[in-house]
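# Coordinate inspection notes
The residues making up each chain are set out below.
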Amino acid sequence: MVDRLPRLGAAIGAGLLLCLSFPPFGWWYLAFAAFALLAWVLTRDTTTRWGGFGYGYLFGAAFYLPLLPWVGTFVGPVPWIGLALVQALFPALFGLAAVVVRTLPGWPLWFAGLWTAQEWLKSTVPFGGFPWGVVAYGQTESPLRSIAQLGGAPLVSFAVVLVGFGVGALVFEVIAYFRRAAADAGAPPAVVVPGVCVAAVLLAVALTWPNVRHSGLGAGDEQPVTVAVVQGNVPRLGLDFNAQRRAVLDNHVDETMRLADDVRAGRAPQPMLVIWPENSADIDPLANPDARDLISRAADAIRAPILVGGVVAVDPDDPGNPAATNSVIVWNPKDGPGERHDKQIVQPFGEYLPWRSFFRRFSEYADRAGYFVPGDGTGVVRAAGVPVGVATCWEVIFDRAPREAVRNGAQLLAVPSNNATFTEAMSEQQLAFARLRAVEHDRYVVVAGTTGISAVIAPDGRELVRTAFFEPAYLDTAVRLKTQLTVATRFGPLIEGLLIAVGLGSVIAAILHNGGFVRRRANRDNKDRGAT
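Cut-offs applied
Residue numbers restart at each chain and count upward from 1, following the sequence in its written direction. It should be noted that, the model being predicted, local features are given only for residues of pLDDT at least 70 and side-chain atom pairs only at 80 or more, the latter also being counted only at that level, while totals for whole chains, interfaces and linings use all residues. Side-chain measures were taken over the full set of non-hydrogen atoms in the model, leaving aside hydrogen atoms and water. Secondary structure elements follow DSSP: runs of H or I no shorter than four residues count as helices, runs of E no shorter than two count as strands, and numbering proceeds from the N terminus. As a reference, a globule follows 2.2 Å times the number of residues to the power 0.38, and the radius of gyration itself is taken over C-alpha atoms. Think of it in three bands: with a 1.4 Å probe and only protein chains considered, a residue is buried below 20% of the maximum accessible area for its type, exposed above 50%, and partly exposed in between. In what follows, a contact means two residues having at least one pair of non-hydrogen atoms within 4.5 Å. Residue exposure ignores everything except the shown protein chains as possible cover, and the areas themselves are Shrake-Rupley values with a 1.4 Å probe. Site definitions follow a grid-based scheme: protein atoms alone, a 1 Å grid, a 1.4 Å probe that fits but cannot get out for cavities, and for pockets an open set with protein on both sides within 12 Å along at least five of seven lines, plus lining residues having an atom within 4 Å of a point. Grid points are joined across faces, edges and corners, and a volume is the space filled by probe spheres set on the points. Residue type decides the class: Asp, Glu, Lys and Arg count as charged, Ala, Val, Leu, Ile, Met, Phe, Trp, Tyr, Cys and Pro as nonpolar, and the leftover types, Gly among them, as polar. Just to be clear on terms, a salt bridge is a Lys or Arg side-chain nitrogen sitting within 4 Å of an Asp or Glu carboxyl oxygen. UniProt positions are given in the numbering used here, feature names are shortened, and annotations may be inferred rather than shown by experiment.

Helix and strand counts for the chain stand at 15 helices and 12 strands. For 532 residues, the compact-globule formula gives about 24 Å, and the C-alpha radius of gyration of the chain, at 26 Å, lands near that figure. Taken over the C-alpha atoms alone, the chain extends approximately 85 × 55 × 45 Å along its principal axes. Burial status across the chain gives 54% buried among its 532 residues. Excluding contacts between residues fewer than 6 apart, the proportion of contacts in the chain whose partners are at least 24 apart in sequence is 71%. As displayed, the chain offers around 22000 Å² of accessible surface, 60% of which is attributable to carbon and sulfur atoms.

This is the structure we're talking about:
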């Protein structure tokens, strides 16, 4: 145990450093040190394969436990700790595979491919996956975020870990060289591959950053429009925020009326469209006359369509059927409800409870999970003639939701969210997802939250304006409608597949390289021939 203490400490320290690279801390450069330190643990000759699994698990636990405490703010520590420890299994699998391939030349490249593979896996299973903690989302202040235009979040993650592992390899080789030189057995350090890897990432940043910055400054002939965001706030934070659903709706109507008054007084520009948050109308506005009248009054006052986040019953004629859709409805002045987006990726353990009869045994809060069902559609609604791509809260974390919206013609992205059951730290982390999507798809992104943080984000990932957390406010600002598709929008899944293939291919190559598989197969064949 004493011999393992340095590696145990390094694995835990690396996980903590990676956590500090994420909001609300935002020290993005620590991610490189985190992976260099993890590489030192996994490339030691004394680290076995199962040792790699264990060190990877410690790394993951040290990363996820301080990253996700907001999960347990209102439901206690068990869901938070349980989720963090389950997520730690994915870095553990990476650690196991990394030890398998570490003997291959150019191991930093193979390590980066394996890390991309485990991020894809954690974003897929179980129950649809949990992409929270993808390395790219800690790099929204980093120059490396410009690479998102080429391959989205997977390529940014790949680049970050490649630089971390590459720098680690350079340091290890230089130290080893000086040790050999001291023993009069000096051989040139093997720095070509890690050096090329780091240089390739820096070159990609240098080539993509000018275009990203140019787009973010609004240079070009794209049509400018004014968009407003209304953050009405909730009476109180917590799981029972929607016990006062009428109060939440009233707050958003009142804040929209305040915006309308400021427009008429010349204190704010007339918006072309207004975006309300998710759950701003938890009372079904299609079935409830009072909710319908309130929203119509707000739309008439502001003289613009409102994207209203509402809960819509699947079968309003059957009061015993709790199934509902989490919808964003375009509410037009005079005409009322128009097009709508029904959330397609619903959140497990929140919007619905998988294996309800099983999980309800573990927490009294389990039955508070909703009965939401996923919708379908293109992910795009038209408001005032503007094609708006909608990624409702949870959806923005998944690569496919904003990508499909942009590919279906969205010229602007909206992220209506409801963070009333969480904390400001969670809102900061979720805002980072939207910032990366802006760069990835070269679109302005409008984030609207019931409690915040609401913001308008430029295509280079900068926040143009934002609100504070847990306050009523509105944002009213100009954005540009963009139509060009980035490489990431067009080919993102293919690029991610290639990066995963790098990792999985290295495992196959390592098995063949060390001859273990071949020898075991030959031994079985010899035994079979002897038996005959």
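Next comes the rest of the description.
Let us look at empty space enclosed by the protein. The final tally for this structure, using the stated rule, is 1 cavity of 30 Å³ or more. Lining of the largest cavity is provided by 13 residues; of these, Ser-417, Gln-430, Leu-431, Val-447 and Ile-453 occupy positions nearest its centre. At the level of secondary structure, the elements contributing two or more residues to the lining of the largest cavity comprise strand 8 (412–417), helix 13 (424–441) and strand 9 (445–449). No other element matches the 4 residues that helix 13 contributes to the lining of the largest cavity. Class assignment for the residues of the lining of the largest cavity results in 7 nonpolar, 6 polar and no charged.

The next thing to look at is the pattern of salt bridges. For the structure on display, the rule yields 18 salt bridges. A salt bridge links Asp-261 to Arg-264; the shortest N-O distance between them is 2.4 Å. Taken together, the residues span about one helical turn, with Asp-261 and Arg-264 both in helix 9 (residues 245–264) at a distance of 3 residues. Owing to a relative accessible area of 51%, Arg-264 belongs among the exposed residues under this scheme. Of the charged contacts, one joins Arg-466 and Glu-428 as a salt bridge, the two residues approaching to 3.0 Å between their closest N and O atoms. Within this pair, whereas Arg-466 is found in strand 11 (residues 463–466), its partner Glu-428 is found in helix 13, the two being separated by 38 residues in sequence. Shared partners join several salt bridges into a network, and the residues in it are Glu-141, Glu-428, Arg-435, Glu-463 and Arg-466.

Glancing now at the UniProt feature "transmembrane region" (unreviewed entry) in the chain. Per the UniProt record, "transmembrane region" (unreviewed entry) is found at residues 55–72, 78–101, 155–178, 190–209 and 491–512. Split by type, residues 55–72 is 72% helix and 0% strand. Its first and last C-alpha atoms lie 26 Å apart. As annotated, residues 190–209 comprises 90% helix and 0% strand, and the C-alpha atoms at either end are separated by 30 Å.

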